[in-house]
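Each chain, written out:
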Amino acid sequence: MEFSTFGNKFARYSGITQLMDDLNDGLRNPDAIMLGGGNPAQIPDMVKYFNQLCEQMTATGELTAALTNYDGPQGKNVFLNALAQLLRSTYGWDITAKNIALTNGSQNAFFNLFNLLAGKFSDGSNKKILLPLAPEYIGYGDSGLDDNMFVSYRPEITLLNNGQFKYHIDFSHLVVDDSIGAICASRPTNPTGNVLTDEEIRHLDELAREHNIPLIIDNAYGMPFPDIIFEDVTPFWNDNTILCMSLSKLGLPGVRCGIVIASEELTTAIANMNGVLSLAPGGVGPAIAHKMIENQDLLQLSETVIKPFYLRKSQHAVELLQTAITDDRFRIHKPEGAMFLWLWFKDLPITTMALYQRLKARGVLIVPGEYFFIGLDDNWSHTHECLRMNYVQTDDDMKRGIAIIADEVKKAYQQTK
């Protein structure tokens, strides 16, 4: 069958498709050790809470109403109003429901945003999305209607004590010119757990305003919910910022609810696109989240249940890794948020794509680092020396999986390039 240009691009196998295939295969295989995909943890207290909340909503008819009715293309009105009020009261942002639009998951939101703000324009120009720091989220890479939609730059690497390191934006090499349609960064960053500092965010905002382009912040793991962020930083939004959030990392990935907070012009465009592409975003997730806000549970659970769970898991995983892998060439990116650890095996004789295949053969699923250096054109050995590891599995599975990683890395280092 012959596909269109659109079909040839989006029907092909991609990094994000591989990640989700591995996630699905792993869930069907009880022996697999799932250290790859981004499925949030089944936090017992959150599972219990969602069960109880859904029982209450079933009894009142609210859950049935969400299941049996369309919302508008901008999303469920009561949730939009409640979230706007929450953000106004929590951060003092000048925001109303008109500044919020929902999508069927964050992936859907970024597809729409990137293709609104970059690609071919009627004046003949062709604009790109600037990712100021690579590595970045794997799901961005194949979301452009046009090829080569992204440009990114190497980070500055600061070596820290205790076998850790941290990425920073290298502003001295960052180029923002008329070819850039928007700047986009995740905070905390998937895959590395890096959190951009307040100063880095302010600098990006200044660059965006100077060039009359928006700053997109992917806040899927950030504040005020799910608050999987371990650094003392300030949430950021203004009328030139597009802040993207999600219900997935609360523990609700199945409801597929992305949240775009932006200017009214932008949210209107997203709502119009929703009408064409999917009629309306799903209503179950927003109904649940609205009830959580109404009960004053959303922020409280994020702060007292979700964040402490992931903080403990990340610290334990770091301990396991550093005990199992004692080679001086091994470093871990400082875990500042999200649900991943970013592992750097300096001078690894094989690529992490090859390491991924060896680990997969032994039942351990991770994600090779090569997929995350989107829009980086230069040949940098670092891109083949890193991998992303999810740390949300049980402590026993983490220990078994890390032992296998340590064994395969030891074998790889014994090879010659």
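In case you missed it, the structure is sitting above this.
Residues numbered from 1 in each chain as written. Predicted model: local features only at pLDDT ≥ 70, side-chain atom pairs only at ≥ 80, totals over all residues. Heavy atoms only, no water.

Let's talk about the packing of aromatic side chains
Turning to step 1, where the next piece is worked out: Per the counting criterion, the structure on display carries 17 aromatic pairs.
Turning to step 2, where the next piece is worked out: Taken together, a centroid distance of 5.2 Å and an interplanar angle of 50° make the contact between F110 and Y140 tilted. Here F110, found in helix α6 (residues 106-117), pairs with Y140, found in the loop between β4 (126-131) and β5 (150-152); they are 30 residues apart in sequence, far enough to count as distant. Comparing F110 with Y140, the two get one shared label, buried. (Phe/Tyr/Trp six-rings, centres within 6.5 Å; stacked < 30°, edge-to-face > 60°. Helix = DSSP H or I, 4+ residues; strand = E, 2+ residues; numbered from the N terminus. Buried < 20%, exposed > 50% of the residue type's maximum accessible area, 1.4 Å probe, protein only.)

With respect to the nonpolar core
Turning to step 1, where the next piece is worked out: Counting 134 residues, the largest nonpolar core has I259, Y310, F345, M389 and I405 as its most contacted members.
Turning to step 2, where the next piece is worked out: The element contributing the most residues to this core is helix α10 (residues 298-324), with ten residues.
Turning to step 3, where the next piece is worked out: In this structure F345 touches I325, R329, F330, L355, E385, L387, I405, V409 and Y413, once residues within four positions along its chain are discounted. (Core = buried A, V, L, I, M, F, W, Y, C linked by side-chain atoms within 4.5 Å. Contact = heavy atoms within 4.5 Å.)

Side note on the pattern of salt bridges
Turning to step 1, where the next piece is worked out: Taken as a whole and assessed by the stated rule, the structure comprises 20 salt bridges.
Turning to step 2, where the next piece is worked out: Between D205 and R209 there is a salt bridge whose closest N-O contact spans 3.5 Å. Here D205 pairs with R209, and both are found in helix α7 (residues 198-210), just four residues apart, close to one helical turn.
Turning to step 3, where the next piece is worked out: D205 gets classed as buried once you look at its relative accessible area, which sits at 10%.
Turning to step 4, where the next piece is worked out: Judged by its relative accessible area of 41%, R209 is partly exposed.
Turning to step 5, where the next piece is worked out: What emerges from the salt-bridge pattern is a single network uniting K166, E231, K334 and E336. (Salt bridge = Lys/Arg side-chain N within 4 Å of Asp/Glu carboxyl O.)

A few points about the pairing of strand β2 (residues 100-103)
Across a regular strand the side chains alternate sides, sitting on one face of the sheet and then on the other.
Turning to step 1, where the next piece is worked out: Alternating positions in β2 separate into two faces, I100 and L102 on one and A101 and T103 on the other, with burial throughout.
Turning to step 2, where the next piece is worked out: Two elements, β2 and strand β11 (residues 258-261), share four bridges in a ladder whose sense is antiparallel. Its bridge partner lying in β11, I100 is registered against I261. (Pairing = 2+ DSSP bridges.)

What to know about the packing of helix α3 (residues 44-60) against α10
Turning to step 1, where the next piece is worked out: One way to put it is that α3 packs onto α10 with a least axis distance of 9 Å and a crossing angle of 140°. With respect to each other, α3 and α10 are oriented oblique. Residue-level inspection shows D45, M46 and Y49 of α3 in contact with α10, the latter providing L301, V305 and I306.
Turning to step 2, where the next piece is worked out: For the contact of α3 with α10, the per-class residue count stands at five nonpolar, no polar and one charged. (Axes fitted to C-alpha atoms, helices over the stretch in contact; angles between N-to-C directions. Parallel < 35°, antiparallel > 145°, perpendicular 65-115°, else oblique. Nonpolar A, V, L, I, M, F, W, Y, C, P; charged D, E, K, R; others polar.)

Topic: the packing of helix α11 (residues 352-361) against helix α12 (residues 395-413)
Turning to step 1, where the next piece is worked out: Close contact between α11 and α12 brings their axes to 10 Å; oriented N to C, the two are set at 130°. What the angle tells us is that α11 and α12 run oblique. Regarding α11 and α12, the two cross each other, and that crossing is right-handed. Here α11 contributes L355, R358 and L359 to the contact with α12, which in turn contributes I404, I405, E408, V409 and A412.
Turning to step 2, where the next piece is worked out: Class assignment of the residues belonging to the contact of α11 with α12 gives a composition of six nonpolar, no polar and two charged. (Left-handed = near helix turned anticlockwise from the far one by under 90°.)

Side note on α7
Each α-helix turn comprises 3.6 residues. Residues three or four places apart therefore point the same way.
Turning to step 1, where the next piece is worked out: With 13 residues, α7 should reach 18 Å at 1.5 Å per residue; the first-to-last C-alpha distance of 18 Å fits that figure.
Turning to step 2, where the next piece is worked out: Summarising the contacts, the buried residues of α7 are in contact with β7 (164-168), β8 (180-186), β9 (215-218) and β10 (241-246).
Turning to step 3, where the next piece is worked out: With its phi angle positive at about 55°, N212 sits one or two positions after the end of α7. (Expected span 1.5 Å × (residues − 1).)

Some thoughts on the environment of P132
Turning to step 1, where the next piece is worked out: You can see P132 is positioned in the loop between β4 and β5.
Turning to step 2, where the next piece is worked out: Taking the relative accessible area as the measure of exposure, P132 reaches 2% and is therefore buried.
Turning to step 3, where the next piece is worked out: Expressed as a C-alpha distance, the spacing of P132 and E231, which sit 99 residues apart in the sequence, is 20 Å.

Re the sheet that holds strand β12 (residues 330-333)
Turning to step 1, where the next piece is worked out: Strands sit in the order β6-β7-β12-β13-β16-β15 across an open sheet of six strands; the sheet is mixed. The open sheet has two edge strands with one neighbour each: β6 (156-159) and β15 (367-368).
Turning to step 2, where the next piece is worked out: By the bridge criterion, two bridges tie β7 to β12 in an arrangement that is parallel. Residue pairing across strands places Q164 opposite I332, the latter belonging to β12.
Turning to step 3, where the next piece is worked out: Strands β7, β12, β13 (340-345) and β16 (386-390) of the sheet are contacted by α10, whose axis makes an angle of about 25° with β13.

Some points on helix α8 (residues 264-278)
Turning to step 1, where the next piece is worked out: In this model α8 runs 20 Å from its N-terminal to its C-terminal C-alpha over 15 residues, within 8% of the 21 Å that 1.5 Å per residue would give.
Turning to step 2, where the next piece is worked out: In this fold, the buried residues of α8 make contact with β2, α6, β10 and β11.
Turning to step 3, where the next piece is worked out: Downstream of α8 by a residue or two, L279 has a phi angle that is positive, lying close to 70°.

Quick word on the side chain of N240
Turning to step 1, where the next piece is worked out: With respect to the helices, strands and loops of the structure, N240 is situated in the loop between β9 and β10.
Turning to step 2, where the next piece is worked out: Given the relative accessible area of 18%, N240 is considered buried.
Turning to step 3, where the next piece is worked out: Setting aside residues up to four positions removed in sequence, N240 forms contacts with A208, R209, I213, P214 and L215.

It is worth stressing that arrangement in space is one thing and function is another; only the former is reported here.
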